[in-house]
Amino acid sequence: MKSHEVKFLPLAAKTIVVHTVTYFIMGLLASTLLDYGSWYAESYLSGFMRQIDDPLVMAGPLFQPVRGLLFAVVFYLLRDVLFGRKRGWLIMWVILVFVGVLSTFGPSPGSVEGMIYTIVPFLDHLKGWPEVMIQALLFALILTYWVDHPEKRWLTWVLVAIFLIFLLLPILGLLLA
């Protein structure tokens, strides 16, 4: 698909779906493999991070469509650079990592500012990198492929089905809690 053919609403819908799906998958994997439950209960993080059984944390995936929409606005403005190009996914991934992870305006854990201005130990800043770097990579790869190949209707069905399941699971979890 040529970048000038990229329309905002379809891009926004695809961005919302892919962001939410990759966020949920990587969050689930990272919280399990990196034992976020124990890590967040440690002294310096317990006053900063909600515990993983907190209702807002459980509801986290339900807020991701809003973030997906924010990403879509930026991606739409950069559509000539990101879509219809051989390595558009790489450009998107670099933007997400450099601006969204490493160069945040505030001292977020894992960012350059966080490493300078917080008391979080240096190695703990790196602990969350696999989750965010891989999520950003999957997000960039899947989104650019989907936008560049609109004829792949099976991909639309699969991703939308997964998206709906990933929104339904936290709702059920909150209702049963």
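None of the values given here were measured: they were computed from a predicted structure.

A short note on the nonpolar core
Then step 1. One finds Phe75, Phe83, Met92 and Leu143 to be the most contacted residues of the largest nonpolar core, which totals 27 residues.
Then step 2. The set of elements that each furnish at least two residues to this core consists of helix H1 (8-33), helix H7 (88-102), helix H10 (129-148) and helix H11 (153-176).

Quick look at the pattern of salt bridges
Then step 1. For the coordinates displayed, the defined rule picks out one salt bridge.
Then step 2. Of the charged contacts in the structure, one is a salt bridge between arginine 50 and aspartate 54, with a shortest N-O distance of 3.9 Å.
Then step 3. In this structure aspartate 54 comes out as partly exposed when scored by relative accessible area, which is 22%.

Section: the packing of aromatic side chains
Then step 1. Within this structure, the stated rule accounts for five aromatic pairs.
Then step 2. Ring geometry for phenylalanine 24 and phenylalanine 166: centres 4.1 Å apart, planes at 15°, overall stacked. Of this pair, phenylalanine 24 sits in helix H1 while phenylalanine 166 is found in helix H11, placing the two residues 142 residues apart along the sequence.
Then step 3. Owing to a relative accessible area of 16%, phenylalanine 24 belongs among the buried residues under this scheme.
Then step 4. Since its relative accessible area comes to 13%, phenylalanine 166 is described here as buried.
Then step 5. Measuring from centroid to centroid gives 6.0 Å for phenylalanine 71 and phenylalanine 75, while their planes differ by 10°, and the two rings are stacked. A residue pair is termed a helical-turn pair when its members lie 3 or 4 positions apart in one helix, as phenylalanine 71 and phenylalanine 75 do in helix H5 (residues 60-77) at four residues.
Then step 6. Taking the relative accessible area as the measure of exposure, phenylalanine 75 reaches 2% and is therefore buried.
Then step 7. An aromatic cluster of at least three residues, connected via ring pairs, comprises Phe71, Phe75 and Phe139.
Then step 8. Its end group placed over the ring of tyrosine 76, arginine 79 keeps NZ or CZ at 3.9 Å from the ring centre.

What counts, and at which threshold
- Residues numbered from 1 in each chain as written.
- Predicted model: local features only at pLDDT ≥ 70, side-chain atom pairs only at ≥ 80, totals over all residues.
- Heavy atoms only, no water.
- Core = buried A, V, L, I, M, F, W, Y, C linked by side-chain atoms within 4.5 Å.
- Buried < 20%, exposed > 50% of the residue type's maximum accessible area, 1.4 Å probe, protein only.
- Helix = DSSP H or I, 4+ residues; strand = E, 2+ residues; numbered from the N terminus.
- Salt bridge = Lys/Arg side-chain N within 4 Å of Asp/Glu carboxyl O.
- Phe/Tyr/Trp six-rings, centres within 6.5 Å; stacked < 30°, edge-to-face > 60°.
- Lys NZ or Arg CZ within 6 Å of the ring centre and 35° of its normal.

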